[in-house]
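Tertiary structure, described
Here is how the chains run, residue by residue.
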Amino acid sequence: MHASPASPSVIRRSDYRPPDWLVPDIALDFDLDPARTRVRATLIVTRNGDHDRPLRLDGDGLIPLEVRIDGEAATPDQWHMEAGYLSVSLSGSARKVETLVELAPESNSKLMGLYASGGLLCTQCEAEGFRRITFFPDRPDILSRYDVTLRADKARFPILLSNGDPVEQGEGDAGQHWARWVDPFPKPCYLFALVAADLACNADSFVTMSGRDVQLGIWVREADLPRTGHAMQALKNSMAWDERVYGREYDLDVFNIVAVADFNFGAMENKGLNIFNSRYILADPETATDIDYDGVEGVVAHEYFHNWSGNRVTCRDWFQLSLKEGFTVFRDQNFSADMGSHAVKRIEDVRILRAAQFQEDSGPLAHPVRPESYMEISNFYTATIYNKGAELIRMIALMLGPERFRAGTDLYFDRHDGQAATCEDFVLAMEEGGEIDLSQFRRWYEQAGTPHVRATLDHDPMTRTVNLHLHQSLAPTPGQPDKAPMAIPLRVALFDPATGTHHGDELLMLTEPQQSFSFPDFATPPILSINRGFSAPVIIDTNRSQDDLAFLSAHDDDPFARYEAMQQLMVNILVGRIAGQPIDEAAVIAAIRQVITDPLLDPAFVAEAIRLPSEAYLGDQMAHVDPDAIHAAREALQQRIGAELEPDWRAIHARTRAAEFSISAAAKGARKLRNSALGYLVASGAMDGPAIAFVQFEQAHNMTERQAALAILANGDSAERVAALDIFYNRYGADALTLDKWFQTQAFAVHPDTVDLVEELGRHKDFTLANPNRVRALYGAFTGNQWAFHHISGKGYRLVADCILALDRLNPQTAARLVPPLGRWKRFDAARGALMRGELERILAQPGLSKDVTEQASKSLE
Ligand code: 0A1
Ligand code: ZN
């Protein structure tokens with residue numbers, strides 16, 4: 001239907017075949033220059049099995065300047081180029097193949113392969129960037145030892161880094177110098193990296209559990225050195241945590257991290273040389289919010305943990321991506337919980353899962369945690385692979401308990417060290433090490449979509465028995481019309497409303513389409529607390545009354561379930577209003593009053609509990625999203641909560657003001673609550689609201705309070721709004737990461753003019769498509785602003801489609817990530833749906849569209 005002239009071909013999981021040739025060793029010699037870099041690669045190749053097929057070396061945009069076999073120039077009958085690869089005919093079982101290519105890193109706007117960023121040269125190879133650097137069988141099941149020599153102008157690029165350990169360096173002619181790095185651990189080419197730069201180093205060290213000294217380096221621009229302390233602390237904490245919790249030790253003598261300004265994702269776990277988007281390294285109180293600090297800690301940990309879950313044990317093929325990503329996200333989530341609050345971290349993670357992954361699961365791009373096919377693998381770095389993948393590991397850990405889970409991970413790491421493994425290998429290790437049967441559980445890897453579980457309680461006073469009836473369902477997703485029942489672990493507790501206590505928390509396994517569980521000894525009907533801790537990534541429907549939810553929001557001893565009861569109270573009111581069935585809001589106001597006046601509660605938890613569900617989450621609760629009605633209802637409730645509790649908001653706001661900045665959990669919690677209180681106070685309509693926000697904006701000694709005040713002002717129309725935005729721009733305009741916040745805050749603003757403002761900002765002199773962070777700050781944030789993006793005029797859709805089309809010519813990966821919001825057209829009314837589809841069709845009609853955007857846009861129209 002929408003086939004473009006060159007329809008990208010589909011890669012299928014079932015087509016996996018072991019490689020014809022292996023590459024146990026590779027030597028790389030780089031003559032680095034932004035305009036003209038020469039790469040000489042020497043591959044030792046060995047025939048894998050009994051066959052006479054040629055050696056196929058992937059190459060994307062490469063021209064072979066030389067091809068040599070065992071040191072001799074290859075003759076024309078020995079090699080030829082085909083679309084996307086170099087084919088070499090070889091006899092014998094082991095040969096040496098050498099190629100020479102030339103690259104222009106400064107013209108590489110895709111930020112894949114070798115590219116220039118802010119005066120340095122760096123690489124990004126995952127998933128298929130190595131083939132843009134040299135000819136190589138670019139697949140993760142080829143593990144090689146790397147011996148890398150880098151040459152460059154010494155004045156311009158005094159620092160030369162690659163994977164593994166530094167072994168030699170020296171001076172060359174004409175101001176050149178060189179360095180040789182050898183990585184003793186065989187690795188797939190997606191983990192290769194190099195950096196040539198003029199950077200300064202925050203140097204530190206770490207002694208591992210077996211007593212080895214590791215040199216740690218975080219490399220940034222000299223001026224940014226003072227902003228690297230938090231990342232370094234996070235790195236050392238991560239190294240100690242992986243030893244303590246998983247028994248995993250670091251394995252090289254050096255561990256380097258380099259921050260770069262232009263990066264398509266968050267960071268990259270290259271062996272011994274992590275390369276980071278600078279937003280996940282740099283943090284100081286003046287420019288970074290607490291969310292940024294947590295992001296730095298979490299991403300530093302994530303990349304470090306990949307050294308075992310991803311590098312020592314890697315993936316056989318890209319369908320196994322969640323093997324490393326889901327597991328590593330699970331690991332970094334638990335690390336961050338251990339560093340701060342388990343309760344709050346769980347609430348935050350579930351909020352992200354629901355916002356990003358549940359939406360994916362209910363739309364045209366839904367795919368299983370282990371997909372069956374793809375056109376462009378870059379499109380599969382998704383919330384499903386990462387966040388739902390982490391939930392799968394979490395469920396396994398819950399079912400096994402800590403000791404047996406650890407036995408399972410020990411077996412997995414020991415058995416597969418040095419191998420390219422599969423998700424099935426992981427599940428088998430869990431079954432064996434953890435002594436459990438996961439046959440039915442495997443469906444979580446196979447079936448896309450978020451299961452619904454309907455839970456009802458009945459109580460028989462004669463037998464004093466309670467029955468919990470559970471009914472599960474899973475809607476069809478693209479390519480999966482019929483689903484089998486899932487194995488769903490549900491933590492439940494039954495509360496006695498008279499005493500406010502329960503009889504114990506139980507783990508129930510729901511494995512049938514319908515199943516009932518009986519509980520004896522209940523004289524009166526209890527109140528159901530279910531999916532405690534969010535034990536399974538499912539949607540629970542219950543018939544609990546507002547009174548039951550109010551009870552749980554005051555008494556549930558599981559913090560997630562308590563938060564969830566509060567959220568459900570609010571959702572019921574808002575969805576009821578939108579449907580024209582008003583529900584009294586008194587219960588919510590009473591619940592909020594109780595939470596904010598309970599001195600025993602952690603302020604960070606309180607801030608989460610009193611947060612109104614987002615407009616997007618409310619949309620997910622409706623058969624058809626009505627952005628205007630959702631917006632109006634939510635604003636009205638916010639105003640009412642603000643006004644009813646105004647004295648409390650003033651008191652909280654005053655009391656949480658700290659004389660000095662601290663990054664402690666307590667100080668972060670206080671700031672979080674302070675900002676919520678300010679939000680409600682301003683929403684109340686109090687005359688002095690904007691002035692109070694402006695004072696906070698001006699006087700804050702940290703970005704968390706300053707940006708929150710700015711965001712609150714940006715939602716309104718006060719004179720303070722204009723002043724604060726100007727001040728912010730003038731003060732921080734020179735710092736790219738902080739200027740991103742200026743763009744982002746305006747794109748997120750819940751304001752009727754946002755769509756016009758975003759159009760203007762797209763033409764601002766500081767806006768550029770060349771920097772992915774800037775694109776995400778403006779257009780990425782805008783697509784997350786439901787009311788503004790879905791403006792009935794369709795202007796929001798047009799702006800985003802224009803951006804996708806312009807960006808696709810430069811950076812298809814980042815362009816493709818803006819497509820999914822346009823693909824949710826089935827969830828909206830006919831008028832909006834038609835406008836969204838129209839933009840998708842316009843995108844697909846562009847000649848020369850990338851494979852990345854073609855896949856996302858064409859799937860979105862189905
Ligand atoms: N493995 C990285 C994610 C990543 C993927 C692709 C990239 O470049 C296109 C970069 C990073 C991680 O999980 O952090
Ligand atoms: Zn990762």
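Residues numbered from 1 in each chain as written. Chains lettered and ligands numbered in written order. Predicted model: local features only at pLDDT ≥ 70, side-chain atom pairs only at ≥ 80, totals over all residues.

Before going further, it helps to spend a moment on the overall build of the chain. Helix and strand counts for the chain come out as 27 helices and 32 strands. The C-alpha extent of the chain, read off along each of the three principal axes, is 90 × 65 × 60 Å. For the chain, the proportion of its 862 residues judged to be buried stands at 52%. Within the chain, contacts between residues at least 6 apart in sequence are counted, and of these 69% link residues at least 24 apart. (Helix = DSSP H or I, 4+ residues; strand = E, 2+ residues; numbered from the N terminus. Buried ≥ 20, exposed ≤ 12 C-beta atoms within 10 Å, placed from the backbone. Contact = placed C-beta atoms within 7 Å.)

The UniProt feature table records "domain: Aminopeptidase N-like N-terminal" (unreviewed entry) at residues 106-191. For residues 106-191, helix accounts for 0% and strand for 50%, while the C-alpha atoms at its two ends are 22 Å apart. (UniProt positions renumbered as here; feature names shortened; annotations may be inferred.)

Looking now at the nonpolar core. Ranked by size, the top nonpolar core spans 245 residues in total, and within it V195, A196, V258, I275, I281 and I804 carry the most contacts. It is helix α10 (residues 559-578) that contributes the most residues to this core, nine residues altogether. Once residues within four sequence positions are removed from consideration, I281 is found in contact with I218, V220, T228, A231, I257, A259, F276 and V296. (Core = buried A, V, L, I, M, F, W, Y, C linked by C-beta atoms within 7 Å.)

With that settled, the discussion passes to the site of ligand 1. Taken together, 15 residues sit near ligand 1, with Q124, E126, N264, F265 and M268 positioned nearest. The residue inventory of the shell around ligand 1, partitioned by class, reads five nonpolar, six polar and four charged. (Near = placed C-beta within 6 Å. Nonpolar A, V, L, I, M, F, W, Y, C, P; charged D, E, K, R; others polar.)

Our focus in this paragraph is the sheet that holds strand β8 (residues 85-88). With antiparallel pairing, three strands are arranged side by side in an open sheet as β4-β8-β7. Edge positions in the sheet fall to β4 (55-58) and β7 (79-82), since each of these pairs with one other strand and no more. Put simply, the sheet's adjacent strands are angled 25° from each other on average, direction ignored. Looking at chain direction, β7 and β8 are connected through four bridges and run antiparallel. Residue pairing across strands places W79 opposite V88, the latter belonging to β8. (Pairing = 2+ DSSP bridges. Axes fitted to C-alpha atoms, helices over the stretch in contact; angles between N-to-C directions.)

Another aspect to go through is the sheet that holds strand β30 (residues 514-519). What the four strands build is an open sheet, ordered β30-β26-β25-β32; its pairing is mixed. The open sheet is flanked by β30 and β32 (539-542), the only strands paired with a single partner. Each strand of the sheet is rotated relative to its neighbour by a mean of 25°, with strand direction disregarded. Alignment of strand β25 (residues 452-460) against strand β26 (residues 465-473), held across nine bridges, turns out to be antiparallel. From the neighbouring strand, R454 faces β26, where its bridge partner is H471.

On to the packing of helix α6 (residues 402-416) against helix α7 (residues 423-434). In helix packing, the relevant descriptors are the interaxial angle and the interaxial distance, both defined with respect to the helix axes. Between α6 and α7, the shortest axis-to-axis distance is 7 Å and the interhelical angle comes to 130°. One finds that α6 runs oblique with respect to α7. Both α6 and α7 take part in a crossing whose hand is right-handed. Contacts from R404, F405, A407, G408, D410, L411, Y412, R415 and H416 of α6 reach α7 at D425, F426, A429, M430, E432, G433 and G434. Looking at the contact of α6 with α7, its residues break down into seven nonpolar, four polar and five charged. (Parallel < 35°, antiparallel > 145°, perpendicular 65-115°, else oblique. Left-handed = near helix turned anticlockwise from the far one by under 90°.)

Here we take up the pairing of β25. Here β25 folds back onto β26, and the loop between the two strands holds four residues, one of which, R464, carries a positive phi near 55°. Looking at chain direction, β25 and β32 are connected through four bridges and run parallel. Residue pairing in the sheet places V453 in a bridge with I540 of β32.

Right, let's get into helix α9 (residues 546-555). D548, L549, A550, L552 and S553 are the residues of α9 that are buried. Turning to α9, the residues buried within the fold contact β31 (527-530), α10 and α11 (586-596).

Below, the discussion takes up the environment of V625. Here V625 shows up in the loop between α13 (615-620) and α14 (627-644). In sequence terms V625 and F441 are 184 residues apart; their C-alpha atoms lie 33 Å from each other. For V625, the contacting residues outside a window of four places in its chain are G619, R827 and F828.

Below, the discussion takes up the environment of F185. Secondary-structure assignment places F185 in strand β15 (residues 176-187). Residue F185 is classed as partly exposed on the basis of its C-beta count, with 19 C-beta atoms lying within 10 Å. Note: C-alpha distance between F185 and N163 (22 residues apart in sequence) is 9.7 Å. Look past the residues within four positions of F185 in its chain and what remains in contact with it is D251 and K271.

Negative phi is the rule for most residues except glycine; trans is the rule for most peptide bonds. Going from E126 to A127, the amide bond is cis rather than trans, its omega being -5°. Within the secondary structure, A127 is located in the loop between β11 (120-124) and β12 (144-153). Backbone geometry at A174 places phi at a positive 50°, although glycine is not the residue there. Mapped onto the elements of the fold, A174 is located in the loop between β14 (165-171) and β15. A positive phi angle, near 55°, is found at F534, a position not held by glycine. Here F534 is to be found in the loop between β31 and β32.

Between the first and last C-alpha of α14 there are 26 Å, a value that for 18 residues agrees with the 26 Å anticipated at 1.5 Å per step. Turning to α14, its buried residues are P627, I630, A633, R634, L637, I641 and G642. Projection of α14 onto a plane perpendicular to its axis shows the buried side chains occupying an angular sector of 165°, all on one side. Summarising the contacts, the buried residues of α14 are in contact with α10, α11, α13, α15 (646-655), α16 (665-683) and α23 (786-789). (Expected span 1.5 Å × (residues − 1). Arc of directions from axis to C-beta.)

This brings us to the pairing of β4. Side chains L55 and L57 of β4 all project onto a buried face; the interleaved residues R56 and D58 project onto a face where none is buried. The pairing of β4 with β8 spans four bridges and is antiparallel. Of the residues in β8, the one forming a bridge with L55 is V88.

It is worth spelling out the packing of helix α5 (residues 383-400) against α6 at this point. Two numbers describe how α5 lies on α6: the axes approach to 6 Å, and their chain directions differ by 125°. On the basis of the axis angle, α5 is oblique to α6. Contacts between α5 and α6 pair I396, A397 and L400 from the former with R404, F405 and G408 from the latter. When grouped by side-chain class, the residues that make up the contact of α5 with α6 number four nonpolar, one polar and one charged.

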